[in-house]
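So the chains spell out like this:
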Amino acid sequence: MDKILVLDFGGQYNQLIARRVRAAHVFAEIKPYHKITPEEIALSGYRGIIFTGGPHSVYALDAPKCEKEVLSLGIPVLGICYGHQLLAFLCGGTIAPAEEGSEYGKTEVKTQKSVLFEDIPEKSICWMSHTDAVQQLPTGFHTVAATEKCAVAAMADDERKLYGVQFHPEVTHTAYGESVLRNFLFRVCGCKADWQMQNVAQELIARYRKELCGKKVLLALSGGVDSSVAAVLLQKAIGDALICVFVDHGLLRKGEGDFVERTFRDQFGVRLIRVNAEARFLNALRGVTDPEQKRKIIGEGFIRVFESEAKQLGQIDVLAQGTIYPDVIESGKGDSAVIKSHHNVGGLPERMGFSEIVEPLLPRELVWRQPFPGPGLGVRVLGEITKEKLELLREADAIFRKTVDALAQKPNQYFAVLTESRSVGVMGDARTYGYTVVLRAVTTDDFMTAEWTRLPYEVLEKASSRITNEVRGISRVVFDITSKPPATVEWE
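An account of the accompanying structure is given in this report. (Residues numbered from 1 in each chain as written. Predicted model: local features only at pLDDT ≥ 70, side-chain atom pairs only at ≥ 80, totals over all residues. Heavy atoms only, no water.)

## Notes on the overall build of the protein
When helices and strands are counted, the protein shows 13 helices and 19 strands. For the protein, the proportion of its 492 residues judged to be buried stands at 56%. Contacts in the protein between residues at least 24 apart in sequence constitute 73% of all its contacts with a sequence separation of at least 6. Looking at the protein as shown, the accessible area adds up to about 21,700 Å², and 48% of this sits on carbon and sulfur atoms. (Helix = DSSP H or I, 4+ residues; strand = E, 2+ residues; numbered from the N terminus. Buried < 20%, exposed > 50% of the residue type's maximum accessible area, 1.4 Å probe, protein only. Contact = heavy atoms within 4.5 Å. Areas by Shrake-Rupley, 256 points an atom, 1.4 Å probe, with all protein chains shown as cover.)

## A short note on empty space enclosed by the protein
As enumerated under the stated definition, the model contains two cavities of 30 Å³ or more in all. Its volume calculated, the largest cavity comes out at about 60 Å³. In this structure, the largest cavity is lined by Val-109, Thr-111, Phe-117, Ile-120, Ser-124, Ile-125, Cys-126, Phe-167, Thr-174, Tyr-176, Gly-177 and Val-180. Of all the secondary structure elements, the ones that give two or more residues to the lining of the largest cavity are strand S6 (103-111), strand S7 (123-130) and helix H4 (177-188). At three residues, the largest contribution of residues to the lining of the largest cavity is made by S7. For the lining of the largest cavity, a count of residues per class yields eight nonpolar, four polar and no charged. One number sums up the size of the second largest cavity: a volume of about 40 Å³. As for the second largest cavity, its lining consists of Gln-235, Gly-239, Asp-240, Leu-242, Gly-269, Val-270 and Arg-271. Its residues placed into classes, the lining of the second largest cavity shows two nonpolar, three polar and two charged. (1 Å grid on protein atoms, 1.4 Å probe; cavity = no way out; pocket = protein on both sides within 12 Å on 5 of 7 lines; lining within 4 Å. Points joined across faces, edges and corners; volume = space filled by probe spheres on them. Nonpolar A, V, L, I, M, F, W, Y, C, P; charged D, E, K, R; others polar.)

## What about the sheet that holds strand S15 (residues 318-320)?
Spatial strand order, S14-S13-S12-S15: four strands in an open sheet with parallel pairing. Bordering the open sheet on either side are strand S14 (272-276) and S15, each of which pairs with just one other strand. Sheet twist, expressed as the mean angle between neighbouring strand axes with direction ignored, is 25°. Bridge analysis of strand S13 (residues 242-248) against S14 gives five bridges, and the strand direction is parallel. Bridge pairing in S14 places Val-247 opposite Val-275. (Pairing = 2+ DSSP bridges. Axes fitted to C-alpha atoms, helices over the stretch in contact; angles between N-to-C directions.)

## Digging into the layout of surface pockets
Taken as a whole, the second largest pocket encloses approximately 560 Å³ of empty space. Residue lining of the second largest pocket: 26 residues in total, with Gln-12, Gly-54, Pro-55, Tyr-104 and Ser-129 positioned closest to the centre. Counting residues per element, the ones that place at least two in the lining of the second largest pocket are helix H3 (82-90) and S7. Its residues assigned to classes, the lining of the second largest pocket shows ten nonpolar, 13 polar and three charged.

## Re the pattern of salt bridges
Under the criterion given, the structure shown has 23 salt bridges. Of the charged contacts in the structure, one is a salt bridge between Asp-2 and Arg-47, with a shortest N-O distance of 3.4 Å. Residue Asp-2 is found in the segment before strand S1 (3-8), and its partner Arg-47 is found in the loop between helix H2 (38-43) and strand S3 (48-51); the two are separated by 45 residues along the sequence. In this structure, the salt-bridge partner of Arg-401 is Asp-397, at a minimum N-O distance of 2.6 Å. Residue Arg-401 and its partner Asp-397 are located together in helix H12 (residues 387-405), separated by four residues, close to a single helical turn. An identical accessibility class is assigned to Arg-401 and Asp-397; each is buried. One connected set of salt bridges, linked through shared partners, spans Asp-248, Asp-258, Glu-261, Arg-265 and Arg-274. (Salt bridge = Lys/Arg side-chain N within 4 Å of Asp/Glu carboxyl O.)

## With respect to the side chain of Asp-2
Residue classification places Asp-2 among the buried residues on the basis of a relative accessible area of 8%. Only 3.4 Å separates the side chain of Asp-2 from the side chain of Arg-47, close enough to count as a polar contact. Here the side chain of Asp-2 touches Lys-192 through a polar contact of 2.7 Å, landing on its backbone nitrogen. (Polar contact = N/O pair within 3.5 Å; in protein donor to acceptor, adjacent residues only side chain to side chain.)

## A closer look at the packing of H12 against helix H13 (residues 457-470)
Relative to each other, H12 and H13 sit at 155°, their axes nearing to 9 Å. In this view, H12 runs roughly antiparallel relative to H13, as classed from their interaxial angle. Crossing handedness for the pair H12 and H13: right-handed. Mapping the contact onto sequence places Ala-396, Ile-399, Phe-400, Lys-402, Thr-403 and Val-404 in H12 and Val-459, Lys-462, Ala-463, Arg-466, Ile-467 and Glu-470 in H13. (Parallel < 35°, antiparallel > 145°, perpendicular 65-115°, else oblique. Left-handed = near helix turned anticlockwise from the far one by under 90°.)

## Some thoughts on a negative patch on the surface
A cluster of acidic side chains, namely Glu-39, Glu-40, Glu-67 and Glu-69, defines a negative patch on the protein surface. Summarising the element assignment, Glu-67 is placed in the loop between S3 and strand S4 (77-80). With relative accessibility at 44%, the residue Glu-67 sits in the partly exposed group. (Patch = residues over 30% accessible without salt bridge, like charges linked within 9 Å, V, L, I, M, F, W, Y side chains within 5 Å. Lys, Arg positive; Asp, Glu negative; His and termini not counted. Charge placed at Lys NZ, Arg CZ, Asp CG, Glu CD.)

## A short note on helix H7 (residues 256-267)
For H7, built from twelve residues, the straight-helix expectation of 16 Å at 1.5 Å per residue is met to within 8% by its first-to-last C-alpha distance of 16 Å. Of the positions making up H7, those classed as buried are Glu-256, Gly-257, Phe-259, Val-260, Thr-263 and Phe-264. Gly-269, located one to two residues past H7, shows a positive phi value of around 65°. (Expected span 1.5 Å × (residues − 1).)

## Details of the pairing of strand S9 (residues 142-146)
Bridging between S6 and S9 involves two bridges; their strand directions are antiparallel. Residue Thr-111 lies in a different strand from S9, and its bridge partner there is Ala-145.

## What to know about the pairing of S13
Counting buried positions along S13 gives seven out of seven residues, so the element sits mostly inside the fold. Neither face of S13 is open: one carries Leu-242, Cys-244, Phe-246 and Asp-248, the other Ile-243, Val-245 and Val-247, and all of them are buried. Handedness of the crossover joining S13 and S14 through H7 is recorded here as right-handed. (Right-handed = clockwise from strand over helix to strand, strands pointing away.)

## Things to note about unusual backbone geometry
For His-25, which is not glycine, the phi torsion reads 65° and is therefore positive. Its location among the elements puts His-25 in the loop between helix H1 (14-23) and strand S2 (27-32). Despite not being glycine, Cys-81 shows a phi value in the positive range, around 55°. Relative to the elements of secondary structure, Cys-81 occurs in the loop between S4 and H3.

Shape is all these values report; function is a separate question.
Here it is as structure tokens:
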């Protein structure tokens, strides 16, 4: 089986790169740059290496760098964004702040004849996100792509099979990004598309049946797809040795708690403990307005609840959770920059991560319901969180989601946010002074990047009319038309 090494330098898209490689039926392994030596790479049989992006400048004192010997192993290398700059730096090139300014977002790129760009139009759209750029090429390299602001948008040393692209081919916004990656995998590295994911569920069940034999496992069950998959896999592996704790923190959507409890008790027969912790969380959040502090309070609250339940249950050997990769990445693990902390990343002892999501294990209504952040409505109520604000948001959010649910083609995620802003309105010739609600809808296939969704005006009109008429306390509705980046999907 051919495999590719994804050498991680703290980029936001490292897991996404691996996913794209695996989607091409080539196995990919992610390794931190400082956790594998050139000797280990040489002995591991990799057909190619991909350098990820990262938030650093190559000249910074703390910039992550692999050993230069990696480039002398005879293994093809593709550098992406920071990886592109690092490749140039290690080979003797010069990196500097972009002369004509940074590039962020969709950018037209013009390519030249190169194995990387076989069967790709000369002009296309790519996704840029950089401040620095390659200023002077290393010896042996030549430019194979450029944009209006970036003279070296891609470079190549065909003799040594070393390639770099300043843009991100792994994101969907790069029109021919998949083709660039496939050209590297198959035309440069000579990989065979012989890796399959169909047996992943069985492999995971067998693995955890062996590793957790005789151990009692406590799972933090939020009801989202990630923790739900973890619950089903573990139950199939260890049966009643698994105990799931569902923390009802009072920050859930309308009807959410009952739905999760009903699904796992009745359909799966999971040992489930539902903890009503609304008062505990709201008391801890009283007066708190800073988004990062709110997330940390919620995360701390989860841990304390698990500890309390574990004491009552006796000896617990392992705490388990499911974690989607944007949560891990955005929380600033390793060399990644912190974008926002997620409640379920870090802090949990003996945390187990499940990187594979096998959706057929779950009922359709659970898998395809709207994604929901672990901190719940706590990050969709801006400013101080109160029970009154939560009730307003639950009703507005339910109306919006029900309205959009009627569409034949729906966005990947859509929800409402309650802002701190209040404005004057009029109802029945009387003055009102209510909150402003933001409606958010995005289209994405990986949640690492996302486009705001162009919802029909009649859908927005219907949702706005119902919210302002049925939810007393809300007087204005606005629609968010910001993509990710520069925004994140959630507001906090």
